[in-house]
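Listed below, chain by chain, are the residues.
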Amino acid sequence: MSMNRRKFLKSSSLYGAAAALAPSIYAGTAKASSEIPVGVMFSLTGGLSIVEKTLSDATLLAIEEINAAGGVAGKEIVPIVEDGASDPKTYNEKASKLVLRDRVPTVFGCYTSASRKAVLPVFERRQNLLFYPTYYEGFECSKNVVYTGAVPNQQLSNFIPWIMENLGKKKFFIVGSNYIYPREMAKVSKILIEQGGGEWVADEYLELGHSEWGAMVNRIQESGCDVVLSNVVGDSVIAFYREFINQGLSHDTLPICATVTSEIEIAAMGAEFAAGSYTSFPYFQAIPTEANLSFLDRYRAFVKDDAAVTQHALECSYFQVYLWKQAVEAAGGEATPDTIREGIKGQTFDAPNGRVTIDPENLHAYLTPRIAQWGGDGQGTIIDEYDEPIQPLPYVAYGETGSDLFCTQDGLDTARL
Amino acid sequence: MADILFIGLSLSSILLLIALGLAITYGAMGVINMAHGELVMIGAYTAVLSGIYLNFNMFVALPLAFVTAAAVGLLIEKLVIRRLYGRIIDTLLATWGVAILLQQAIRLQFGATFFDVTVPGLGPGLQNIDVPSFLNQPFDVAGFTVQPYRTFIIAVTLLLAALTWYLFYRTRIGMQVRAIMRNPDMAASCGIDVRRVSALTFAYGSGLAGVAGVLLAGFKTVQPDMGASVVVDGFLVVVVGGVGSLLGTGLAALLLGQINGIVAVLSNDIVARAVVFGVVIVLIMWRPNGLFSFKNR
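Residues numbered from 1 in each chain as written. Chains lettered and ligands numbered in written order. Predicted model: local features only at pLDDT ≥ 70, side-chain atom pairs only at ≥ 80, totals over all residues.

1. Side note on the overall build of chain A
Tallying secondary structure elements over chain A gives 14 helices and 17 strands in all. In terms of overall dimensions, chain A is globule-like: its C-alpha atoms have a radius of gyration of 21 Å, near the 22 Å expected for 417 residues. Each principal axis of the C-alpha atoms in chain A carries an extent, and together these give about 65 × 55 × 40 Å. Out of the 417 residues belonging to chain A, those deemed buried represent 55%. Taking as baseline every contact in chain A between residues at least 6 positions apart, the subset at least 24 positions apart corresponds to 70%. (Helix = DSSP H or I, 4+ residues; strand = E, 2+ residues; numbered from the N terminus. Rg over C-alpha atoms; globule rule 2.2 N^0.38 Å. Buried ≥ 20, exposed ≤ 12 C-beta atoms within 10 Å, placed from the backbone. Contact = placed C-beta atoms within 7 Å.)

See the structure below:
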């Protein structure tokens, strides 16, 4: 069986070995003017690799497509793949290596906020650029990061009012994993719930990775709530939904409305446990457009898995490479962190989920909020969507509005916090 | 109140399920088996794979997982642990290495990953098993919601505990095991084949871990590192109960499970966990050898 280099990188889980080889392969070529090296940095090993490996694949898919279509301003993109190993400290080391030794002008990578926070100092000190594809909690304003995933207002400002108006639910039980993202999401949710005249009866947290939900589901049952807002992440999600059904609760009368439960978690828990529940994301695999179906086919062919599922962060990992390409071209093919940052401002691309635009002020993406109800086949049915992408407001929990931005090109207005 | 006690009982049964195998390998044989969690994981994967390829349901997977995990346990005993009896700290390190090997074997699909082959059911992804639908549908009895799956786990745990008790206290081989526990040299000089009996005991303890894996797979995700977190709880129960005491293990599981359940419902799970650890510390300070431990002469 023949093995070319990409296949080797993709197939081998010996990414450690690949990472060790990479510099010697690429270091010489990186300086050649017909190529642009970029970092691709996700966890290929460890607990988070289940999700992050797919983000890495989506990034490499976009790079391969762009190269096949003639590259960026005539130059070939050369990905340098690094493994963050589900460990923020490793992330920091790998980011330093990419920025200092490989001298890449951009790194595509990071999934959790913990890993992003760990690499941020590297990018800020060296004036380099990170493209971050995950929905996250906001509350960050860096000139060295382009954020292409949703921020809280793009997942919640449509969701909470919709729950209250269309489902007629007013009493929320907020539950999440115990770290910054669920806590910030809860903060925004409470503002929106109170604005809409609803109330929240509890705001509870469990350890990350917690899998014994007996007591919590019992409390949900006793609390008198009529809807559950879940910011639970990771494999806890699976144990949560299973316990929910096993205790005899039903999504028909007491639906779980989630901000993190994606196609991956649904596939892992068994679709029947989530059937009838809701999730809010700008992207779902089930978006019935030509662009998305074609993307799904290409992704599945690329990873050689006919049953592979796509989800929001994966789609962002894909389209952000195209936005980056346009930014480089807007800069006349010159790829330095500064020219790319200037070039990316206001850049627009037709992604599988629809049109996305990078806000020139805070370098976050305009995205279209959508709500899906999960069916028995593990796929969502999109039951509500905005006509247009909405503006990203990373500080919405602190009172930021579209006409009153806290995070602008000049940096963060700290006096407002 | 009944439902709170039921949650506690359910937590107890899961603890006991994990600890039962450990009570034998650690309690009876003095092996700190860090790979116990991975044997649980292997049991869970046996259920996943037999479901995908052989269309077996959970009930058939239970004995199959017992046999698979016992076979793997036997292999570990023959290759590694056999050489380390009496060196308790060394068994900890060696079995930890075995644990990592087993995890990676599943993650790398026994090497198939290197050849670009994906085996459904293996690999780093999340897997699950189908629970027969009648175990998923709760029903009400006199205002109390019965959760069939948790009840099923409690029943299986009681059955396994009873079986283990019978094996240990009512059979010839059980008597030999207990003799070896007290004093291996004396047992050997009485004509007991210590190596053979120890190997079988270890395999039995491993098999119990496999059964636990199938039952856990019913409400947890199956993934290569699922075993790492359960093994700590298992050791907690065995140490509190008293090394080598089945009764102690059972009571410790009941106690810790109920404390966890009650505090979790009244306050929250994070506090519950802290309280459980606090209770364990106090208990160990009060009775360093655990609640029930036989006196050595």
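2. Describing helix α6 (residues 172-182) of chain B
Along α6 of chain B, the residues that are buried comprise Gln176, Val177 and Ile180 of chain B. Considered in projection along α6 of chain B, the buried side chains sweep an arc of 100° and stay on one side of the axis. (Arc of directions from axis to C-beta.)

3. Here we look at unusual backbone geometry
Excluding glycine, a negative phi dihedral is what most residues carry, and trans is how most peptide bonds are arranged. Residues and elements named next belong to chain A. Phi is positive for serine 86, close to 60°, though the residue is something other than glycine. For serine 86, the position within the fold is in the loop between β2 (76-83) and α4 (88-101). According to the C-beta neighbour criterion, serine 86 is buried, with 21 such atoms within 10 Å. The phi torsion at arginine 103 lies on the positive side, around 50°, for a residue other than glycine. Within the fold, arginine 103 resides in the loop between α4 and β3 (107-109). In this structure arginine 103 comes out as partly exposed when scored by C-beta crowding, with 13 C-beta atoms within 10 Å.

4. A few points about the sheet that holds strand β14 (residues 370-374) of chain A
Residue and element names in this part refer to chain A. In spatial order, the strands read β7-β6-β8-β9-β10-β14-β15; together these seven strands make up an open sheet with mixed pairing. Two strands lie at the open edges of the sheet, namely β7 (199-206) and β15 (380-385), each paired on one side alone. Between one strand axis and the next, the sheet turns through 25° on average, direction left out of account. (Pairing = 2+ DSSP bridges. Axes fitted to C-alpha atoms, helices over the stretch in contact; angles between N-to-C directions.)

5. Quick notes on the confidence of the model for chain B
Residues and elements named next belong to chain B. Chain-level pLDDT for chain B is 87 on average; 99% of the residues reach the 70-or-more range. No element of chain B has a lower mean pLDDT than strand β2 (residues 144-146), which averages 79, and none a higher one than helix α3 (residues 58-79), which averages 94. This prediction of the complex comes with two scores: 0.84 for pTM and 0.82 for ipTM. (pLDDT = per-residue confidence, 0-100.)

6. Points about the sheet that holds strand β11 (residues 348-351) of chain A
Strand order in the open sheet formed by three strands is β11-β12-β13 (chain A), and the pairing between neighbours is antiparallel. Both outer strands of the open sheet, β11 and β13 (365-366) of chain A, are each paired with one neighbouring strand and no more.

7. Some remarks on the packing of helix α2 (residues 36-53) of chain B against helix α4 (residues 88-107) of chain B
Packed helix pairs are characterised by how far apart their axes lie and by the angle those axes make with each other. All names here are of chain B. Remark: α2 packs on α4, axes separated minimally by 9 Å, with the N-to-C direction vectors making an angle of 25°. Accordingly, the angle class assigned to the pair α2 and α4 is roughly parallel. Considering how the two elements wind past one another, α2 and α4 form a crossing that is left-handed. Taken together, the residues of α4 that come into contact with α2 (itself represented by Gly37, Glu38, Ile42 and Tyr45) are Ala99, Leu102, Gln103 and Ile106. (Parallel < 35°, antiparallel > 145°, perpendicular 65-115°, else oblique. Left-handed = near helix turned anticlockwise from the far one by under 90°.)

8. Concerning the interface of chain B and chain A
Every contact between the two is made by 31 residues of chain B and, on the other side, 33 residues of chain A. Elements with a contribution of two residues or more to the side of chain B that touches chain A: α1 (2-28), α10 (246-266) and α11 (269-286) of chain B. Broken down by element, the residue count for the side of chain B that touches chain A peaks at four residues, all from α1 of chain B. Taken together, the residues that form the side of chain B that touches chain A break down as 13 nonpolar, twelve polar and six charged. (Nonpolar A, V, L, I, M, F, W, Y, C, P; charged D, E, K, R; others polar.)

9. Here we look at the nonpolar core
By size, the foremost hydrophobic cluster in this structure holds 215 residues, and its most contacted members are Tyr241 of chain A together with Ala19 and Ala44 of chain B. Ranked by the residues each element gives to this core, the list is headed by α1 of chain B, at 15 residues. Look past the residues within four positions of tyrosine 241 of chain A in its chain and what remains in contact with it is Ile256, Met269, Phe273 and Ala274 of chain A. (Core = buried A, V, L, I, M, F, W, Y, C linked by C-beta atoms within 7 Å.)

10. Overview of the environment of leucine 11 of chain B
In this structure, leucine 11 of chain B sits in helix α1. Taking C-alpha positions, leucine 11 of chain B is 9.2 Å from isoleucine 154 of chain B, a pair spaced 143 residues apart along the chain. Ignoring sequence-local partners within four residues, the contact set of leucine 11 of chain B consists of Glu212 and Gly214 of chain A together with Gly257, Asn260 and Gly261 of chain B.

11. So, the packing of α1 of chain B against helix α5 (residues 148-170) of chain B
All names here are of chain B. One can describe the packing of α1 onto α5 by two numbers: an axis separation of 9 Å at closest approach and a directional angle of 40°. In terms of axis orientation, α1 runs oblique to α5. For the pair α1 and α5, the sense of crossing is left-handed. On α5, the residues that touch Leu9, Ser10, Ser13, Ile14, Leu16, Leu17 and Leu20 of α1 are Arg150, Ile153, Ile154, Thr157, Leu160, Ala161 and Thr164. When grouped by side-chain class, the residues that make up the contact of α1 with α5 number nine nonpolar, four polar and one charged.

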